[in-house]
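Take a look at the letters that make up each chain.
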Amino acid sequence: MSLIRRAARQNKTMLMKTGSYYLIHICVAALVAYAVTGNLWASLTLSLLEPTVQAVAFFFHEKAWERAAHRQAGNSPALHNA
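Since the model is a prediction, treat every value here as computed from it, not as a measurement. (Residues numbered from 1 in each chain as written. Predicted model: local features only at pLDDT ≥ 70, side-chain atom pairs only at ≥ 80, totals over all residues. Heavy atoms only, no water.)

Enquirer: What is the right way to look at the pattern of salt bridges in this model?
Expert: Close approach of charged atoms allows side chains with opposite charge to pair. Across all of its chains, the model carries one salt bridge by this definition. Notably, a salt bridge pairs Lys 63 with Glu 66, separated by 3.8 Å at the nearest N-O pair. Of this pair, Lys 63 and Glu 66 both sit in helix H3 (residues 40–74), three residues apart, which is roughly one turn of that helix. Accessibility expressed as a relative area gives 42% for Glu 66, which makes it partly exposed. (Salt bridge = Lys/Arg side-chain N within 4 Å of Asp/Glu carboxyl O. Helix = DSSP H or I, 4+ residues; strand = E, 2+ residues; numbered from the N terminus. Buried < 20%, exposed > 50% of the residue type's maximum accessible area, 1.4 Å probe, protein only.)

Enquirer: Before we go on, may I ask you to explain the UniProt feature "transmembrane region" (unreviewed entry) in the chain in this structure?
Expert: Those residues carrying the UniProt feature "transmembrane region" (unreviewed entry) are residues 21–42 in this numbering. Between the C-alpha atoms that bound residues 21–42 there is a distance of 22 Å. The span itself is 91% helix and 0% strand. (UniProt positions renumbered as here; feature names shortened; annotations may be inferred.)

And the structure:
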């Protein structure tokens, strides 16, 4: 069994929840964008663009938190108590 299939099976529920959240996010974004712009094409474009940009931003956000955690783990506890 391939690594991707095994990972998908092990995380089936989480992947399904992620997919459904992504669809809801796009629908809400489209409705809000349409309410603001009144333009169907603009609202669809914004609703597809925004979640994609969010995903990229989230990746870098997670990397920054990971780096901060590694930095803090490398510090001595004695330095924090001083």
